[in-house]
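# Structural features, examined
If you want the building blocks of each chain, they are given just below.
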Amino acid sequence: MQNTVQEIISFSGLGVHSAVFAQVSILPAAVDAGIIFMHKNFLTEPIVVGAVVPLDAMHATVLRQKSWTLSTVEHLVAALRMAGVDNAVVMVEGGYEIPILDGSAAPFFHAICRAGLVNQGMRKKFLMPRQAISFDERGGKKIYLKPLEDDTLSGSLFCDYEAVFNHYALGSKKMTGLIDQQLFKQKIAPARTFGFLEQLPFLRSHQLAMASSLGNTLVFNADEAINDHRIVDEWLSHKVLDFIGDLGLLPHPFTGYVEAAQTGHAFNRRIVEHYLTHPESWIVV
Ligand SMILES: [Zn+2]
């Protein structure tokens, strides 16, 4: 069944890239409303998740409306999807970037779970590809989406994710299996943003990562992480988190099999682009 949030859930903090303060409230929404982002300064221009292709941005997932853009939505979208929220209005006030909080999806996910959901009495909708869809790009980037063959698995997301970094402490790692709420809670939601110390001057010179810190980012120097990991292979888990957030920008939660390697926000956006340009290749189940 479709769910919305039981009560208003509020967050505030700095955007990791802009370092601008924003307040965010997650409000209940009607059946079939979907997830809708709104900004207090542009109330007549909602951003409906699934109706827009994210911008071609590398360091965060950015959604655009006519008069405004909203940055770094991915961790919140992953939390909403994995908590089982189908319908909600996310009202933003102040800045135009979702607060980074601790760099992970855990504060969003736990607050939504604490607030609880309301069963809206209408069947939940999922989106599944009708046949295999694949995307490739130079550098080994790959996304392969496949429908479920077994109706009893409907609603499930199976993921085979590979992250590869040419770095002594990272290398190549895989996460494989069913992505359910329990796995998300324990192994994916707590994973913080990660970055490389040597890239920080470049990012800052482009007004990016302006509020990144050792509190919200797992930072690697040339050899190792300079702060403590929160979970094993936190960086791999964060890649999966970002992927789930970007996959969550389809109009309904994705169900099916995913094989993905070396993905990033600028590549993941092709999934939503494919849905919007080839809706006949997708089925609502
Ligand atoms: Zn992220």
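Note that the structure is a prediction, hence the values are computed from the model and not measured.

Strand order in the open sheet formed by five strands is 11-12-17-13-14, and the pairing between neighbours is mixed. Both edges of this open sheet fall to strand 11 (133-137) and strand 14 (171-178), since each of them pairs with a single strand only. On average, adjacent strands in this sheet sit at an angle of 5° to one another, irrespective of strand direction. By the bridge criterion, five bridges tie strand 11 to strand 12 (residues 141-146) in an arrangement that is antiparallel. Residue pairing across strands places Asp136 opposite Lys142, the latter belonging to strand 12. Across the sheet, helix 5 (residues 234-247) is in contact with strand 12, strand 13 (157-165), strand 14 and strand 17 (256-261); its angle to strand 13 comes to roughly 130°. Sheet strands touched by helix 6 (residues 265-277): strand 11 and strand 12. Its angle to strand 11, the strand with the most contacts, is close to 145°.

This paragraph deals with the coordination of the zinc ion. At the metal site, the zinc ion is ligated by His75 (NE2), His238 (NE2), Asp242 (OD) and Asp242 (OD), and these contacts range over 2.0 to 2.7 Å. Viewed at the metal, the four donor atoms of the zinc ion are separated by angles of 52 to 150°, and the geometry they form is irregular.

A few words on the domain arrangement of the chain. Split into domains, the chain comes out as domain 1 (3-119) and domain 2 (127-284). Taken over C-alpha atoms, the centre of domain 1 sits 18 Å from the centre of domain 2. Taken together, the contacts link 40 residues of domain 1 with 39 residues of domain 2. Of the roughly 3,000 Å² buried at the junction of domain 1 and domain 2 (both faces included), carbon and sulfur atoms supply 66%. Inspection of the region where domain 1 meets domain 2 yields one salt bridge. Between Asp102 and Arg230 there is a salt bridge, and its shortest N-O distance comes to 2.9 Å. Counting across the interface, domain 1 meets domain 2 through 24 residue pairs in polar contact (both at pLDDT 80 or more). Those elements that provide at least two residues to the side of domain 1 that touches domain 2 are helix 1 (74-83) and helix 2 (106-115). The biggest single contributor to the side of domain 1 that touches domain 2 is helix 1, with eight residues. Among the residues making up the side of domain 1 that touches domain 2, the classes are represented as 24 nonpolar, 11 polar and five charged.

About the cut-offs
- Residues numbered from 1 in each chain as written.
- Predicted model: local features only at pLDDT ≥ 70, side-chain atom pairs only at ≥ 80, totals over all residues.
- Heavy atoms only, no water.
- Pairing = 2+ DSSP bridges.
- Helix = DSSP H or I, 4+ residues; strand = E, 2+ residues; numbered from the N terminus.
- Axes fitted to C-alpha atoms, helices over the stretch in contact; angles between N-to-C directions.
- Contact = heavy atoms within 4.5 Å.
- Donors = N, O, S within 2.8 Å, 3.2 Å for Na, K, Ca; no water.
- Tetrahedral: all angles 85-135°; square planar, octahedral: opposite > 155°, others 65-115°.
- Domains from an automatic or database assignment.
- Buried area = accessible area lost by both parts, 1.4 Å probe.
- Salt bridge = Lys/Arg side-chain N within 4 Å of Asp/Glu carboxyl O.
- Polar contact = N/O pair within 3.5 Å; in protein donor to acceptor, adjacent residues only side chain to side chain.
- Nonpolar A, V, L, I, M, F, W, Y, C, P; charged D, E, K, R; others polar.

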